[in-house]
Amino acid sequence: MDEYDVLVVGGGAAGLSAALVLARARRRVVVVDAGAPRNAPAAHLHGFLSRDGMAPRDLLAAGRAEVTRYGGHLVDGTVVAIEPGFRVRLAGGASLAARRVLVTTGLRDELPDIPGVAERFGRDVLHCPYCHGYEVRDQPLGVVSSPHHALLVRQWSADVLYFPHTATVTQDDRERLGARGIRVIEGKVTRIVVEGDRLRGVELDGGAVVPRAALFVGPRFVPNSSLLTSLGCAADEDGWVAVDPAGRTSVAGVWAAGNAADPRAALITAAGAGSTAAMAINADLVEDDIAAGLAAFSAAAERQVADAVLGDSHHGM
Ligand SMILES: Cc1cc2nc3c(=O)[nH]c(=O)nc-3n(C[C@H](O)[C@H](O)[C@H](O)COP(=O)(O)OP(=O)(O)OC[C@H]3O[C@@H](n4cnc5c(N)ncnc54)[C@H](O)[C@@H]3O)c2cc1C
């Protein structure tokens with residue numbers, strides 16, 4: 001089986017950025033990608049310098065073309081296991097070998113269990129105001145999350161209502177929200193109301209509908225890190241793997257970057273983390289190549305000495 005220098009699991013912003021740097025560093029690199037990037041539900045991406053307003057799929061198509069232009073390989077598939085050494089197993093039975101692995105599998109947004117939220121996520125049910133706040137600026141906004149999230153969203157509109165839903169709001173929270181003109185709407189949210197493919201409001205138990213144009217929610221971020229933890233990478237109890245500033249995990253030869261290791265990474269930060277990890281991996285391989293060269297050199301020297309000794313003993317006979 002052919003061995004790659006680096007196998008990248010996940011072809012989002014982090015993985016493709018890493019693969020581009022590695023391919024340009026003349027490494028044999030392959031990206032295995034399952035094709036489900038986190039921001040797929042959004043029509044446009046924002047905040048990525050020079051790419052603002054682009055469709056998420058267009059960013060990835062451009063990245064994939066750049067990787068292949070430098071000889072990087074792309075494989076559509078799902079990695080199911082990484083074995084030490086490294087042998088990487090794909091769903092369907094294929095396997096690939098690599099000297100180093102970089103895991104950029106992203107995270108899963110676990111949404112609040114409110115009917116309608118999952119269907120509208122990335123459209124008019126949002127999470128990140130830096131990604132989509134500008135697009136709903138000055139509109140009537142709701143926040144079903146933490147008071148802190150509501151205070152942040154207030155930066156984009158003067159009309160923000162906070163729905164604690166099932167959370168408790170402290171007196172301190174109420175004062176801080178009040179100081180920014182954010183009203184607290186008590187009651188459990190039973191569903192979001194959609195008409196004509198647009199969010200119209202938030203329904204509370206009792207049936208009242210509070211009109212809103214967009215709703216911000218606070219998903220629980222769950223890292224897609226099982227490949228890493230199965231390999232023995234140190235992680236906290238929620239599955240977040242420990243990495244150094246270059247993405248190196250506690251297991252030699254294994255790196256992680258992007259949302260798989262950092263829930264706060266936006267697209268441009270994930271791409272940057274992938275690039276940083278790629279340079280560190282290349283440096284690690286440079287050291288590996290030096291060590292292999294030195295080992296070959298001393299083996300050859302030992303052989304020469306042995307041959308010379310043998311030659312002397314033959315002459316002596
Ligand atoms: C609705 C929404 C909108 C967003 N909008 C923006 C925005 O406008 N601007 C912005 O900066 N950020 C935005 N974000 C955040 C952005 O999505 C992330 O910052 C970014 O996707 C992180 O990149 P990544 O490469 O780490 O992970 P991802 O982009 O999620 O890529 C991970 C890839 O790994 C693949 N994968 C996972 N497991 C496996 C496996 N076992 N085998 C093979 N492949 C696998 C996945 O299929 C996926 O293709 C948004 C997020 C959401 C939820």
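Residues numbered from 1 in each chain as written. Predicted model: local features only at pLDDT ≥ 70, side-chain atom pairs only at ≥ 80, totals over all residues. Heavy atoms only, no water.

*Asks:* Just checking my understanding: could you explain the overall build of the protein for this structure?
*Replies:* Of regular secondary structure, the protein possesses eight helices and 17 strands. For 317 residues, the compact-globule estimate of 2.2 N^0.38 gives 20 Å, and the protein exceeds it by more than 25% at 26 Å. Oriented by its inertia axes, the alpha-carbon framework of the protein measures out at about 105 × 40 × 35 Å. Expressed as a percentage of the 317 residues in the protein, the buried residues total 43%. A total accessible area of about 16300 Å² is found for the protein, and carbon and sulfur atoms account for 53% of it. A gap of 6 Å separates the mean positions of the 31 positive and 37 negative side-chain charges of the protein. (Helix = DSSP H or I, 4+ residues; strand = E, 2+ residues; numbered from the N terminus. Rg over C-alpha atoms; globule rule 2.2 N^0.38 Å. Buried < 20%, exposed > 50% of the residue type's maximum accessible area, 1.4 Å probe, protein only. Areas by Shrake-Rupley, 256 points an atom, 1.4 Å probe, with all protein chains shown as cover. Lys, Arg positive; Asp, Glu negative; His and termini not counted. Charge placed at Lys NZ, Arg CZ, Asp CG, Glu CD.)

*Asks:* Sorry if this is basic, but what is going on with the sheet that holds strand β12 (residues 189-195) here?
*Replies:* The pairing of strands in a sheet happens through backbone hydrogen bonds and is either parallel or antiparallel. Strand order in the open sheet formed by three strands is β12-β13-β14, and the pairing between neighbours is antiparallel. Among the strands making up the open sheet, the edge pair consists of β12 and β14 (209-211). Going from strand to strand, the sheet's axes swing by 30° on average, the running direction of each strand aside. Summarising the sheet, β12 and strand β13 (residues 198-204) pair through six bridges and their orientation is antiparallel. Looking across to β13, one finds that Arg-191 is bridged to Glu-203. (Pairing = 2+ DSSP bridges. Axes fitted to C-alpha atoms, helices over the stretch in contact; angles between N-to-C directions.)

*Asks:* Can you help me understand the environment of Ala-179 in this one?
*Replies:* Looking at where Ala-179 falls in the secondary structure, it is placed in helix α6 (residues 171-179). Exposure remark for Ala-179: the relative accessible area of 64% places this residue in the exposed category. Taking the C-alpha atoms as reference points, Ala-179 and Leu-151, separated by 28 residues in sequence, lie 9.8 Å from one another.

*Asks:* I would appreciate a short explanation of the pairing of β13 in the present structure.
*Replies:* Side-chain positions along a regular strand alternate between the two faces of the sheet. Counting buried positions along β13 yields five of seven residues, so the element is predominantly enclosed. Sheet topology note: the β13/β14 ladder contains three bridges and is antiparallel. Bridged to Gly-201 within β14 is Pro-211. In textbook terms, the turn of a hairpin is the stretch between consecutive antiparallel strands, and for β13 and β14 this stretch comprises four residues, one of which, Gly-206, has a positive phi near 110°.

*Asks:* Can you help me understand the pairing of strand β1 (residues 3-9) in this one?
*Replies:* Within β1, six of the seven residues are buried, which leaves the element mostly enclosed by the surrounding structure. Sheet topology note: the β1/strand β6 (residues 95-103) ladder contains six bridges and is parallel. In the strand pairing of β6, Tyr-4 is matched with Ala-98. Relative to strand β2 (residues 29-33), β1 runs parallel, the two sharing four bridges. Paired with Val-6 across the two strands is Val-29, which belongs to β2.

*Asks:* It is not clear to me how the side chain of Arg-100 should be interpreted in this structure. Could you clarify?
*Replies:* Considering the arrangement of structural elements, one finds Arg-100 in strand β6. Within polar-contact distance, the side chain of Arg-100 engages the side chain of Asp-284 at 2.6 Å. Once residues lying within four places of it in the same chain are set aside, the contact partners of Arg-100 are Asp-5, Val-6, Leu-7, Phe-86, Gly-253, Trp-255, Ile-281, Asp-284, Leu-285 and Asp-288. (Polar contact = N/O pair within 3.5 Å; in protein donor to acceptor, adjacent residues only side chain to side chain. Contact = heavy atoms within 4.5 Å.)

*Asks:* Looking at this structure, how should I read the packing of aromatic side chains?
*Replies:* Geometrically, a pair of aromatic rings is defined through the distance of the ring centres and the angle of the planes. Using the criterion set out here, one finds one aromatic pair in the structure. With centroids separated by 5.5 Å and ring planes inclined at 90°, the aromatic side chains of Tyr-130 and Trp-156 adopt a geometry described as edge-to-face. You can see Tyr-130 sitting in helix α4 (residues 129-132) and its partner Trp-156 sitting in the loop between α5 (147-153) and β10 (160-162), a full 26 residues away along the chain. On the basis of relative accessibility, which here comes to 59%, the residue Tyr-130 falls in the exposed class. (Phe/Tyr/Trp six-rings, centres within 6.5 Å; stacked < 30°, edge-to-face > 60°.)

*Asks:* Can you walk me through the site of the ligand in this structure?
*Replies:* Taken together, 35 residues form the shell around the ligand, and within it Asp-33, Ala-36, His-46, Asn-259 and Ala-265 come nearest. One of the backbone nitrogen or oxygen atoms of Asn-39 is found 3.5 Å away from an oxygen atom of the ligand. In isolation the ligand exposes 990 Å². Once the protein is present, 93% of that is buried. For the shell around the ligand, a count of residues per class yields 17 nonpolar, 15 polar and three charged. (Near = heavy atom within 4 Å. Nonpolar A, V, L, I, M, F, W, Y, C, P; charged D, E, K, R; others polar.)

*Asks:* I would appreciate a short explanation of the nonpolar core in the present structure.
*Replies:* Proteins that are soluble and globular tend to have nonpolar side chains buried together. Of all hydrophobic cores here, the largest spans 23 residues; its most connected members are Leu-7, Val-79, Ile-82 and Val-254. Elements with a minimum of two residues in this core: β1, β2, β4 (79-83), β5 (87-90), β6, α7 (226-231) and β17 (254-256). Sorting elements by how many residues they give to this core places β6 first, with four residues. Among residues more than four places away in sequence, those in contact with Val-254 are Phe-86, Val-101, Leu-228, Leu-231, Cys-233, Gly-247, Arg-248 and Thr-249. Core analysis: the second largest hydrophobic core is formed by 20 residues, Leu-16, Val-67, Ala-280 and Ile-281 among them. (Core = buried A, V, L, I, M, F, W, Y, C linked by side-chain atoms within 4.5 Å.)

*Asks:* How should the sheet that holds strand β11 (residues 183-184) be read in this particular structure?
*Replies:* Spatial ordering of the open sheet is given by β8-β15-β9-β10-β11, a layout of five strands whose pairing is parallel. Edge positions in the sheet fall to β8 (125-126) and β11, since each of these pairs with one other strand and no more. In this sheet, strand β15 (residues 214-217) lies alongside strand β9 (residues 141-144) in parallel orientation, the contact comprising four bridges. Bridged to Val-144 within β15 is Val-217.

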